[in-house]
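One-letter residues, chain by chain:
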Amino acid sequence: MTVLETVESSTNRHQGVGIVGAGLVGCLAALAFAAKGYSVTLFELRSDPKTDPSSNNLRSINLAVSSRGIRALKYVDEEMADRILEHITPMKGRMIHDVTGTKQESQLYGLFGECINSVDRSFLNDCLLDEIRHSDIKLLFNHKLIKLAHLEEDSEIPSMTFIDTSLPHSEPKTFEFDYLVGADGAFSQFRYQMQKFVRMNFSQNYVDMQYLELYIPPNDDPKAESKFAIDANHLHIWPRHNFMLIALANKDGSFTSTFFSPWSVIEAIKSTEEWLAFFKANFPDAYKLMGEERLSSVFENHPRGALMQVDVYPYHTPNGRAILIGDAAHSMVPFYGQGMNCGFEDVRVLMESIDKNNGDITKSFKTYTDARKKDLNAICKLAMDNFNEMSSKVTSPWFLLRKKIDYTLGRYANGVFFTWLPLYPMISFRDDIPYSKALEIEERQHRILNGVQAGGIAAIAIFGLVKLVQAWDKFGRSHL
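Draft legend 1. Spotlight on the overall build of the protein. Summing up its helical and strand segments, the protein has 15 helices and 19 strands in all. When burial is assessed residue by residue, the protein has 53% of its 480 residues classed as buried. Taking contacts inside the protein between residues at least 6 apart in sequence as the whole, the part at least 24 apart equals 70%. Accessible surface, the protein as shown: approximately 22,700 Å² in total, 55% of it carbon and sulfur.

Listed below in structure tokens is the structure:
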């Protein structure tokens with residue numbers, strides 16, 4: 001027997017919205033719809049992390065909050081954004097650690113001192129959940145989605161059926177809404193159910209890359225000037241070509257660190273002793289900061305995480321009553337630090353479309369896919385490509401020279417002689433430039449720099465040839 005629970009609209013006939021997934025994007029979407037006056041119910045498979053901390057099993061890879069994410073937070077609620085942003089740690093650039101563990105090099109992100117910002121994923125999720133608890137949003141934990149229905153005809157009222165996993169022998173319960181939103185992550189059950197109503201193209205591609213979560217503790221030396229063992233205002237990278245280590249600061253003085261490598265690298269390490277030897281040889285300074293005991297425990301007890309990218313088309317049902325956002329629509333690898341920022345931007349773009357269409361959610365859902373798809377394809381490509389930059393290119397003299405030219409033109413020539421915008425600042429600090437437009441600008445500038453580089457090499461070669469001819473001529477005349 002199925003129990004039907006119709007989520008009633010308010011007395012002002014604001015339309016009901018049901019959202020699946022109380023992660024970062026789902027929470028922001030719920031707050032955004034509620035801010036516009038809609039009746040919102042948010043469902044989550046996990047139990048409440050406030051009463052059951054063990055349920056908060058989200059990845060601990062820290063997030064790099066940049067302008068797109070901040071703009072979306074402020075669009076929903078500026079005061080809320082200010083409360084959350086009090087807890088971030090600014091990062092002005094990358095700090096590159098060499099293989100000897102004795103040299104570090106700072107590579108700044110912004111043209112004019114702009115920063116990205118480190119924040120713990122679970123902490124940010126808890127902040128958003130707290131905002132929801134102080135709103136009129138109905139929040140239901142332990143709800144496992146098992147069915148979507150009535151998503152074909154415009155006249156039908158969409159519904160979702162759940163099982164309450166906190167109750168033994170729970171009867172399925174069905175809720176009706178005017179609109180449905182799937183924000184339940186890369187392994188989205190909402191997407192699986194939605195595919196029954198949509199001719200959806202879907203691909204799930206695992207990348208040959210694993211990650212292992214590590215930890216650098218706060219500095220416990222009472223005489224130390226800082227509680228941070230290394231510079232808190234940089235994203236630390238230990239690039240080693242086909243594998244790397246990164247670390248991002250937390251407010252308590254610790255660093256959330258992550259080791260990325262192809263599966264063959266980690267699987268070739270057969271014992272704790274081999275792991276310690278490998279880590280000490282490749283990351284000697286991080287080895288000292290983490291300590292043998294902690295590194296041993298990680299290798300023996302921490303799971304290896306898989307990385308994948310998800311591509312979906314379209315994101316909406318034909319009747320405009322259901323939509324996918326966030327990782328459910330476009331999961332990406334974490335190497336550009338844009339996964340959460342992009343998901344938050346999904347919410348802003350969708351809300352602005354609703355504003356533009358005078359509150360017509362159906363029209364906004366129907367036009368969202370084509371309006372967003374090109375940008376999402378662009379950032380997913382950039383995320384994949386950026387692993388090569390972080391793990392290898394950051395140590396290349398040619399790459400660093402090109403980056404220096406790129407940033408010099410962006411800082412001193414842009415808007416003076418011509419338009420020049422380096423890619424990273426466009427992605428991280430220019431939320432007014434869509435991802436796809438940023439990629440187009442970068443490709444044009446890349447061709448120009450290639451021409452300049454080729455011209456420079458040709459000029460050097462011609463200069464050298466002239467000098468060689470002159471020397472040969474001088475040599476010949478001296479022997480006449």
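Draft legend 2. Quick look at the sheet that holds strand S9 (residues 138-140). In space, the five strands of this open sheet follow the order S9-S3-S2-S13-S19, with parallel pairing throughout. Lying at the two open borders of the sheet, with one neighbouring strand each, are S9 and strand S19 (322-324). Taken pair by pair, the neighbouring strands of this sheet meet at an average axis angle of 15°, ignoring direction. Judged from the five bridges that link them, strand S2 (residues 16-20) and strand S3 (residues 39-43) form a sheet pairing that is parallel. Its bridge partner being in S3, Gly-16 is matched across the sheet by Ser-39. Of the strands in this sheet, strand S13 (179-182) and S19 are in contact with helix H12 (residues 361-391), which crosses S13 at around 35°.

Draft legend 3. How the structure looks around the packing of aromatic side chains. The final tally for this structure, using the stated rule, is 25 aromatic pairs. Measuring from centroid to centroid gives 6.0 Å for Phe-43 and Phe-177, while their planes differ by 85°, and the two rings are edge-to-face. Placement of the pair is Phe-43 in strand S3 and Phe-177 in the loop between strand S12 (173-176) and S13, with a sequence separation of 134 residues. Of the residues examined, Phe-43 reaches a relative accessible area of 1% and is grouped as buried. Overall, Phe-177 belongs to the buried group, its relative accessible area being 2%. Taking 5.9 Å as the distance between ring centres and 75° as the angle between the ring planes, the aromatic pair formed by Phe-162 and Phe-175 counts as edge-to-face. Placement of Phe-162 in strand S11 (residues 159-164) and of Phe-175 in strand S12 is noted, with a sequence separation of 13 residues between them. Residue Phe-162 is classed as buried on the basis of its relative accessible area, which comes to 1%. Clustering of aromatic rings is evident, with ring pairs tying together Phe-243, Phe-259, Trp-275, Phe-278, Phe-279, Phe-283 and Phe-299. Here the basic side chain of Arg-68 rests over the ring of Tyr-435, its NZ or CZ set 4.2 Å away from the ring centre. Positioned over the ring face of Phe-299 is Arg-304, at 4.8 Å from the centre of the ring.

Draft legend 4. Seen up close, the pairing of strand S17 (residues 255-261). For S17, the buried fraction is high: seven of the seven residues fall into the buried class. As judged from the seven bridges shared by strand S14 (residues 201-216) and S17, these two strands associate in the antiparallel manner. Paired with Tyr-215 across the strands is Thr-256, a residue of S17. Where strand S16 (residues 244-249) lies against S17, six bridges are found, and the strand directions are antiparallel. Each residue of the ladder has a partner; that of Leu-245, found in S17, is Phe-259. Linking S16 to S17, which pair antiparallel, is a turn of five residues; within it Gly-253 sits at a positive phi near 100°.

Draft legend 5. Representation of unusual backbone geometry in the model. Note that the residue after Tyr-313, namely Pro-314, is joined by a cis bond; omega there is -5°. With respect to the helices and strands, Pro-314 occurs in the loop between strand S18 (305-313) and S19. You will see that Asn-358, though not glycine, has its phi angle at about 55°, which is positive. Its place among the elements puts Asn-358 in the loop between helix H11 (339-356) and H12. Since its relative accessible area comes to 74%, Asn-358 is described here as exposed.

Draft legend 6. Spotlight on the sheet that holds strand S6 (residues 93-97). The mixed open sheet is built from seven strands, whose spatial order is S7-S6-S15-S16-S17-S14-S18. The open sheet has two edge strands with one neighbour each: strand S7 (104-108) and S18. In this sheet, adjacent strand axes meet at a mean angle of 30° when their direction is disregarded. Sheet strands in contact with H12 are S6, S14, strand S15 (234-239), S16, S17 and S18, and its direction is about 155° off that of S18.

Draft legend 7. Looking closely at a nonpolar patch on the surface. There is a patch of nonpolar side chains on the surface, built from Trp-398, Leu-401 and Ile-405 and spanning about 300 Å² of accessible area. Counting through the fold element by element, Leu-401 comes out in helix H13 (residues 397-413). On the basis of relative accessible area, Leu-401 is assigned to the partly exposed category, the value being 43%.

Draft legend 8. Seen up close, the environment of Ser-122. Mapped onto the elements, Ser-122 comes out in helix H4 (residues 121-133). It is 9.7 Å that separates the C-alpha atoms of Ser-122 and Leu-63, two residues lying 59 residues apart in sequence.

Draft legend 9. Geometry of the pattern of salt bridges. This structure, assessed with the given rule, holds 17 salt bridges. Its salt-bridge partner being Arg-133, residue Asp-48 comes within 2.5 Å of it at the nearest N-O pair. Within this pair, whereas Asp-48 is found in the loop between S3 and strand S4 (63-65), its partner Arg-133 is found in helix H4, the two being separated by 85 residues in sequence. Taking relative accessible area as the criterion, Arg-133 reaches 28% and is therefore assigned partly exposed. Bridged by salt links that share partners, the residues Arg-68, Arg-71, Glu-345, Asp-346, Arg-348, Glu-352, Arg-372 and Asp-431 form one connected network.

Criteria and cut-off values
Residues numbered from 1 in each chain as written. Predicted model: local features only at pLDDT ≥ 70, side-chain atom pairs only at ≥ 80, totals over all residues. Heavy atoms only, no water. Helix = DSSP H or I, 4+ residues; strand = E, 2+ residues; numbered from the N terminus. Buried < 20%, exposed > 50% of the residue type's maximum accessible area, 1.4 Å probe, protein only. Contact = heavy atoms within 4.5 Å. Areas by Shrake-Rupley, 256 points an atom, 1.4 Å probe, with all protein chains shown as cover. Pairing = 2+ DSSP bridges. Axes fitted to C-alpha atoms, helices over the stretch in contact; angles between N-to-C directions. Phe/Tyr/Trp six-rings, centres within 6.5 Å; stacked < 30°, edge-to-face > 60°. Lys NZ or Arg CZ within 6 Å of the ring centre and 35° of its normal. Patch = residues over 30% accessible without salt bridge, like charges linked within 9 Å, V, L, I, M, F, W, Y side chains within 5 Å. Salt bridge = Lys/Arg side-chain N within 4 Å of Asp/Glu carboxyl O.

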